[in-house]
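Listed below, chain by chain, are the residues.
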Amino acid sequence: MLTLFSNAHNYTTSITVGYIGVDVDWWLWITWLLWPLIVTFLLPLTIVLLFYITGVILYVYKLHRERLINAYENNFWDGAIKTVAALWDAHGWIWHGYELNGLENVPIDSPALLVYYHGAIPIDLYYMISRIYLLKAKLVHTVADHFLFKLPGWSIISEPLKVIPGTVQTCSDILKENNLLAISPGGVYEAQFGDRYYRLMWKKRFGFAKVAIDAKVPIIPVFTQNIREAFRCIGIGRRFWLRIYLWTRLPIVPIYGWFPVKLRTHIGKPIPYDPDLSAEDLQKKVASAIEELICQHQKVPGNILRALCERVYNPLNCSKKKT
């Protein structure tokens, strides 16, 4: 005679074989059996994590300790922002070997609008803002999608770091106050539905051009090499995800990655304010400038393995030297 029944409260299974009853806690047995496997993988990962944290702390102390000490002496928020910036900068250097080229194109004493290509997750923007703030003591204001401002706890980040939803008027006012402002015309749409061919997906969005014209400021094109290889959106069911996005306007396409690929942000030459240019013409001019940066610094289609290898060497630089 064989009888099986389970206790829903303690997940204990009672087995009766003949006249002998045995109570077995299956979760305990499974945990006991898998414990060597759990320990085998958990301990190395813990050690790697500890080494990573150690590297971040030492990087911050080595390069930014004086900046942090001076910042905390002047202003609490300045010290807090510089600490956060130093941590992001350390993360970028360790995980992506992050580099920033063209920093000399970013003005300190005058306003400018930075227009960038939007990856699946704009982690390159966080690195760029952090390094500009650390090296030039200039905080870049940023425009974010409206859905972020509905997330719990977002206000503690957006307020000191100057992240705004962004209308033409508010963006223009920020620039008129002699600030730097970063915006991606492609926004969430480009983030979710862009691919490894790095085509701009701006459609007829030229609000940023209206902002620059109204504030009478230059526009600085920005592109980060391999940003599409760091994070990727799944390509399966693209039409399905597009329909949901058009209905909800929310970034619902699943994202995978955070591969430790090489990231290089390239800041191009400023496009000066020209009163004779319309918003449509200015949009085309900025788009051409970013496409030129992509052509110069990104091999398409993007490849994750190649981007990982670029942590060691840059094939684009090698080809330029040969020619």
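Look up: the structure comes first, before these words.
Residues numbered from 1 in each chain as written. Predicted model: local features only at pLDDT ≥ 70, side-chain atom pairs only at ≥ 80, totals over all residues. Heavy atoms only, no water.

### A closer look at the sheet that holds strand β5 (residues 112–116)
(1) Moving on: One open sheet accounts for seven strands, arranged β4-β12-β9-β5-β8-β6-β7; its pairing is mixed. Of all the strands in the sheet, just β4 (99–101) and β7 (163–164) have a single pairing partner and so form its edges.
(2) Moving on: Both β5 and strand β8 (residues 180–183) contribute to a ladder of four bridges, which runs parallel. Across the sheet, the residue bridging to Leu-113 is Leu-181, located in β8. (Pairing = 2+ DSSP bridges. Helix = DSSP H or I, 4+ residues; strand = E, 2+ residues; numbered from the N terminus.)

### A short note on the environment of Pro-111
(1) Moving on: Examined against the element boundaries, Pro-111 turns out to sit in the loop between β4 and β5.
(2) Moving on: As for Pro-111 and Asn-179, which are separated by 68 residues in sequence, their C-alpha atoms are 4.8 Å apart.
(3) Moving on: Apart from the residues lying within four places of it in its own chain, the contact partners of Pro-111 are Leu-175, Asn-178, Asn-179, Leu-180, Val-217 and Pro-218. (Contact = heavy atoms within 4.5 Å.)

### Let's talk about the pairing of β5
(1) Moving on: For β5, the buried fraction is high: five of the five residues fall into the buried class.
(2) Moving on: What you see with β5 is no split at all: Ala-112, Leu-114 and Tyr-116 on one side and Leu-113 and Val-115 on the other are buried throughout.
(3) Moving on: Direction of pairing for β5 relative to strand β9 (residues 219–225): parallel, over a ladder of four bridges. Across the sheet, residue Tyr-116 finds its bridge partner in β9, namely Val-222. (Buried < 20%, exposed > 50% of the residue type's maximum accessible area, 1.4 Å probe, protein only.)

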